[in-house]
Amino acid sequence: MSNAQPDWATYLAQMTQILDLEMDDTRRAELEMQFSRIAAMAEPLMAFPLDDRLEIAGVYRA
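Residues numbered from 1 in each chain as written. Predicted model: local features only at pLDDT ≥ 70, side-chain atom pairs only at ≥ 80, totals over all residues. Heavy atoms only, no water.

**Brief notes about unusual backbone geometry**
To keep things clear, this is the line we draw: Put simply, DSSP H or I for four residues or longer makes a helix, DSSP E for two residues or longer makes a strand, and each gets a number counted from the N terminus.
Despite not being glycine, D20 has its phi angle at roughly 55°, a positive value. Along the chain, D20 falls in the loop between α1 (8–18) and α2 (25–47).

Now the structure itself:
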């Protein structure tokens, strides 16, 4: 598993351009910090090994 951190500044720049959003530096910095926090919280879950035979997502059956 890679411990490389995503480049949140580039991601935000691309998303604001794609979505045609205006964002000030204060809000951009806050979002970068929140994305980093969310990624850190998700790390243990993403690192949890799954058996190859397990279904990754549940299948709805009526």
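**Considering the packing of aromatic side chains**
Put simply, the rule reads: Note on aromatic contacts: the rings of Phe and Tyr and the six-membered ring of Trp form a pair at centre separations within 6.5 Å, being stacked when their planes are under 30 degrees apart, edge-to-face when over 60 apart, and tilted otherwise. Summary of the burial criterion: residues with accessible area below 20% of their type's maximum are buried, those above 50% are exposed, and those between are partly exposed, where the area comes from a 1.4 Å probe applied to protein chains only.
According to the stated counting rule, one finds three aromatic pairs in the structure shown. Look at Y11 and F35: their rings are 5.8 Å apart centre to centre, the planes differ by 75°, and that puts the pair in the edge-to-face class. With Y11 in helix α1 and F35 in helix α2, the pair connects residues that are 24 residues apart, well separated along the chain. Overall, the relative accessible area of 23% leaves F35 in the partly exposed class. Here a set of aromatic residues connected by ring pairs shows up, and it is made of W8, Y11 and F35.

**Here we look at a nonpolar patch on the surface**
Here is the rule we go by: Only residues above 30% relative accessible area that lack a salt bridge enter a patch, with like-charged residues linked at up to 9 Å and the nonpolar side chains Val, Leu, Ile, Met, Phe, Trp and Tyr linked at up to 5 Å. What sets the accessible areas is the Shrake-Rupley method with a 1.4 Å probe; for residues, cover comes only from the shown protein chains. A pairing counts as a salt bridge when a side-chain nitrogen of Lys or Arg comes within 4 Å of a carboxyl oxygen of Asp or Glu.
A contiguous nonpolar surface patch, about 500 Å² in accessible area, is contributed by F48, L50, L54 and I56. Within the secondary structure layout, F48 lies in the segment after α2. With relative accessibility at 57%, the residue F48 sits in the exposed group.

**What about α2?**
We apply this condition: Helices are assigned an expected span. That span is 1.5 Å times one less than the residue count. The bend at a residue is defined as the angle formed between two axes, one fitted to the seven residues ending at that residue and one fitted to the seven starting there.
Here α2 contains 23 residues, and its C-alpha end-to-end distance of 33 Å stays within 8% of the 33 Å for a straight helix at 1.5 Å per residue. Where α2 bends most, the angle comes to about 30°, and this point is M41, followed within four residues by the proline P44.

**What to know about the environment of R27**
Relative to the elements of secondary structure, R27 occurs in helix α2. Exposure remark for R27: the relative accessible area of 57% places this residue in the exposed category. Along the chain, R27 and A13 lie 14 residues apart, while their C-alpha atoms are 12 Å from each other.

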